[in-house]
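# Examining the three-dimensional arrangement
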Amino acid sequence: MPPAKDIVKIAVQMPGAYPQLIDLDQKKPLSTVLKEVCDVWNKSNPDQYALQYTDGIQTYITETNRHEIKNGSILRLTTAPGREAENLYTGIQSGNYDVRSDSLKGLAVLSKDITFAQEFISKDGIAVLVHIVENGNDTGETLAHTLNAFIELMEHGVVSWETLTQVFIKKIAGFVNKSAMDASIQQLSLAILESMVLSSSHLFQLVKIDVPLDRLISHLQVTNQMIQTKAMALIIALLLSSKDDERKETMEFLSKRNLRQYIFKNIILSSAAMRDEMAHYLYVLQSISLNLLEPRMRIPMDPYNQEQREMVHSLRQAAFESDADTLTGNFNTDRRKSLCAREFRKLGFPNNANPSLDFSRTPPGLLPLDNMIYFASHHSDAYNRFVLENSSREDKHECPFGRGSIQLTIILCEILKIGDPPSETGQDFYPMFFAQDRVFEEFFCICILLLNKTWKEMRATQEDFDKVMQVVREQITRTLASKPTSLELFRNKVNALNYSEILKLRQTERMHQEETLAPPVLELRERLKPELMELIKQQRLNRLCDGTLFRKISSRRRQDKLWYCRLSPNHKVLHYGDVEEGGDNPTIECLQEKIPVADIKALVTGKDCPHMKEKSTLKQNREVLDLAFSVLYDAEDYSLNFIAPTKYDFCLWTDGLNVLLGKELNSEQTKSELEILLSMEVKLRLLDLENIPIPDAAPPVPSAPSNYNFCYDFSHTEH
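Heads up: these notes are all about the structure in this document. (Residues numbered from 1 in each chain as written. Predicted model: local features only at pLDDT ≥ 70, side-chain atom pairs only at ≥ 80, totals over all residues. Heavy atoms only, no water.)

Another point: the pairing of strand β2 (residues 20-25). Pairing analysis gives six bridges linking strand β1 (residues 7-13) to β2, with the strands arranged antiparallel. Paired with Val12 across the bridge in β2 is Gln20. Here β1 folds back onto β2, and the loop between the two strands holds six residues, one of which, Gly16, carries a positive phi near 80 degrees. (Pairing = 2+ DSSP bridges. Helix = DSSP H or I, 4+ residues; strand = E, 2+ residues; numbered from the N terminus.)

Written out as structure tokens, the structure is:
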């Protein structure tokens, strides 16, 4: 008898026959297994048949993937992939419309399976599909099935996108460019063009010529969310595939065509819930837009560049116009330099004799100067009030405009991650950045006025500069976290979050974090830890039972593959399976794949994960590495690979799996939650001891009394 782990109990179905319940020996060749199954149903030529999953993608069983068969799986006996590929290859070329339509529909379903795809591609099936599209005889649902089958076959990476003809590309582009076209065809065509753009620079140039950006923008104005998403995906693909100069030109063109306004009106302000994929594309577009500022951030000021020096002097002239006129008088050079230095000092430049030196650091390079010029020219009244107000204050109490602008620009670049490539999984975009033009400059103008306001509230001096900037950073980040939809809303919220409010928030957070360090309290905390840790463990298991939607990240940033995983209520089995976006969370019965917890051997994270072995060290890939974990099972031969949607989900799942494996919980989330629970519990326990000092040591036990005749005698009372 083979070992138990090599035996899998499964059911095999066939239309018109009673199912077979068999013990599948994983050590036995698949051809032998097929012969035994066919013999029971009196089927000759077992090599013409194959086993296939009945649910999900309906994958064919091969020697390569047979180890994925689990106890309780239901398979069906069906036509072998080679024979099925031959039948469909013939069917899609049939002169009978119904036969051709049914064959294309079946092809679209089976093309998701790599085994079938390889058989069909080996018969030059993709060339037939290309020919069907190029001829243009089929339309509507039949054409949609053709395109669906084509993109599924190409996704396997067996055939290069470079092999496609220019006629085919123009045909696909034509489907996108037509106004009156079936929505499903346009959606699939946009997806095909996106894959072309991301696959090679040659195809990128062809698509860029054949698909006008104006047409893609018009697709963002429809109500169909999937067409909006695929159009945005193609726009992002075109931008990411462009060189820096081309990308800047494209962004300028899109700006002139009001892309931002259409996104804000038709997508961000839409009543329909935004899909994760669209959120990712908006995040990438925001990142690309902000990264256009990177060159200015990386260029230091050239003290000998006349244009740059004039920009600096224009700040002085805008603030001190009357004094500037005086300088044109009869003052000698030394006197003129002295007056300029004094005015630059009033503007808050540390190097008032030569303010060009203040822009020599990169980052922020010349970006602060650009922001200051914008503020002085577009908000001249506010600029003049800022300068005059601080010029009249006592020495050391004035808010330095120059120094503050430079440091504020650094803070904004760090918060908005200017210069960093967009993450593969990021979805954190700010709606207000799509609400108006020149948004970064306007954002700076609001924040520089916030700096002046906070400076006055803190009654700061020059020595407090760093403290003030920390408070301003906190005000900005806390307000951005609320995702305001406009700069005006941001302005109102950030101004309401004044210094006293920041102090209250800090004090509240400090009260949650700080506890008295008296030995009795520390001892109480240690005694409470096991009970609270059990509470955290139970919460982690409950979260695993609820399940999480995970996303499959492909090499071309396509994010349309989703799967769901959840733990059974008895904590003995992990159930998982592919799902469609937008649906309800699937029940356990809907998830066909499963792994017994008893078979799990190890949990690995980051670079140790099998699906992360080939990831590069680029920043966006490092972010994915931080969210990756894998479950190794069946003597560590197989693995279930995850990429968590967020760091929070990563902590919950790795903690929950460690609970199942009987290991310690060591995530940052567990430490944080344990600290919060301990803090709350200790506060509750010490509630009655408020304002009572707790001694470091227990009071001494008094000595025994000389006699015990102090008990009340109740016998006299009874009489």
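There is more to say after this.
Right, let's get into the sheet that holds β1. What the four strands build is an open sheet, ordered β2-β1-β4-β3; its pairing is mixed. Strands at the two margins of the open sheet, each flanked by one partner only, are β2 and β3 (49-53). Sheet twist, expressed as the average angle between the axes of neighbouring strands with direction ignored, equals 40 degrees. Relative to strand β4 (residues 74-79), β1 is paired through three bridges, and the arrangement is parallel. Bridge pairing links Gln13 to Arg76 in β4. (Axes fitted to C-alpha atoms, helices over the stretch in contact; angles between N-to-C directions.)

Next up on the list: the sheet that holds strand β9 (residues 600-605). Read from one edge of the open sheet, three strands run β9-β10-β11, paired in antiparallel fashion. Single-partner strands in this sheet number two, and they are β9 and β11 (638-643). Averaged over all adjacent pairs, the angle separating strand axes in this sheet is 20 degrees, with direction ignored. Taken together, the five bridges between β9 and strand β10 (residues 628-633) define a ladder with antiparallel strand orientation. By the bridge assignment, Leu603 is partnered in β10 with Val631. The strands that helix α28 (residues 647-660) touches are β9, β10 and β11; relative to β10, the one it contacts most, it runs at about 20 degrees. (Contact = heavy atoms within 4.5 Å.)

Our next topic: the pattern of salt bridges. Between side chains of opposite charge, a pair can form as their charged atoms come close. A full pass over the atoms with the stated rule returns 32 salt bridges. One salt bridge connects Glu86 with Lys123, and the closest N-O pair in it is separated by 3.3 Å. With Glu86 in helix α2 (residues 81-91) and Lys123 in the loop between α4 (114-122) and α5 (125-135), this pair connects stretches of sequence that are 37 residues apart. Relative accessible area serves as the criterion here: at 36%, Glu86 is assigned to the partly exposed category. (Salt bridge = Lys/Arg side-chain N within 4 Å of Asp/Glu carboxyl O. Buried < 20%, exposed > 50% of the residue type's maximum accessible area, 1.4 Å probe, protein only.)

Our focus in this paragraph is the packing of helix α19 (residues 367-378) against helix α22 (residues 439-458). Two elements in contact, α19 and α22, have axes separated by 9 Å at closest approach and are oriented at 80 degrees. Taken as axis vectors, α19 and α22 run roughly perpendicular relative to one another. Only Phe440, Glu441, Glu442, Phe444, Cys445, Ile448 and Leu449 of α22 make contact with α19, whose side of the interface consists of Leu367, Asn371, Met372, Tyr374 and Phe375. Here the residues of the contact of α19 with α22 sort into nine nonpolar, one polar and two charged. (Parallel < 35°, antiparallel > 145°, perpendicular 65-115°, else oblique. Nonpolar A, V, L, I, M, F, W, Y, C, P; charged D, E, K, R; others polar.)

Turning our attention to the layout of surface pockets. Left-over empty space is what a probe sized like a water molecule reveals as it rolls over the atoms. Of the volumes computed, that of the second largest pocket is approximately 880 Å³. Together, 27 residues line the second largest pocket, and Met251, Ser255, Ser289, Leu292 and Arg438 are the ones closest to its centre. Among the secondary structure elements, those contributing two or more residues to the lining of the second largest pocket are α12 (244-256), α13 (259-268), α14 (276-291), α19 and α22. With six residues, α12 is the single largest residue contributor to the lining of the second largest pocket. Of the residues assigned to the lining of the second largest pocket, the class counts are 13 nonpolar, five polar and nine charged. (1 Å grid on protein atoms, 1.4 Å probe; cavity = no way out; pocket = protein on both sides within 12 Å on 5 of 7 lines; lining within 4 Å. Points joined across faces, edges and corners; volume = space filled by probe spheres on them.)

This next bit is on empty space enclosed by the protein. Across all of its chains, the model carries two cavities of 30 Å³ or more by this definition. Here the largest cavity defines a volume of roughly 70 Å³. In terms of lining, the largest cavity is formed by Gln225, Gln228, Thr229, Asn266, Ile267, Ser270, Met274, Arg275 and Met278. Breaking the lining of the largest cavity down by element, the ones donating at least two residues are α11 (225-241) and α13. Broken down by element, the residue count for the lining of the largest cavity peaks at three residues, all from α11.

Moving on to the state of the cysteines. In the structure shown here, the tally under the stated rule is zero disulfides. No disulfide involves Cys399; its sulfur sits 13 Å from the nearest other cysteine sulfur, which is in Cys447. The structure places no disulfide on Cys565, whose sulfur is separated from the nearest cysteine sulfur, that of Cys545, by 11 Å. Overall, the relative accessible area of 0% leaves Cys565 in the buried class. (Disulfide = S-S within 2.5 Å.)

Once that is clear, we can look at the nonpolar core. Core analysis: the biggest nonpolar cluster contains 80 residues, and Leu129, Phe150, Met196, Met232 and Ile263 have the highest contact counts within it. Among the elements that take part in this core, α11 stands out by supplying 10 residues, more than any other. Contacts of Leu129, omitting those with residues within four sequence positions, involve Ile92, Leu104, Leu107, Phe120, Thr146, Ala149, Phe150 and Leu153. Judged by nonpolar contacts, the second largest core, of 63 residues, contains Phe320, Phe344, Ile406 and Met458. (Core = buried A, V, L, I, M, F, W, Y, C linked by side-chain atoms within 4.5 Å.)

Okay, the pairing of strand β7 (residues 573-579) next. For β7, the buried fraction is high: five of the seven residues fall into the buried class. Taken together, the six bridges between strand β6 (residues 561-567) and β7 define a ladder with antiparallel strand orientation. Looking at the pairing, Trp563 lines up with Asp578 of β7. Here β6 folds back onto β7 in antiparallel fashion, the turn holding five residues, of which His571 has a positive phi close to 60 degrees. Bridge count for β7 against strand β8 (residues 593-596) is four bridges, and the pairing is antiparallel. The residue of β8 that forms the bridge with Leu574 is Ile595.

The next thing to look at is the packing of helix α16 (residues 306-319) against helix α18 (residues 333-346). Viewed as axis vectors pointing N to C, α16 and α18 meet at an angle of 80 degrees, and their least axial separation amounts to 10 Å. With respect to α18, the element α16 is oriented roughly perpendicular. Where α16 approaches α18, its residues Val312, His313 and Arg316 are matched on the opposing element by Cys340, Glu343 and Phe344. Residue composition of the contact of α16 with α18, by class: three nonpolar, one polar and two charged.

Attention shifts here to the side chain of Glu84. Structurally, Glu84 is set in helix α2. One buried charge, Glu84, has no salt-bridge partner; the nearest side chain with opposite charge is Arg83, at 6.9 Å. Among residues more than four places away in sequence, those in contact with Glu84 are Tyr60, Thr79, Leu110 and Phe116. (Lys, Arg positive; Asp, Glu negative; His and termini not counted.)

Nothing here speaks to function; it is geometry throughout.
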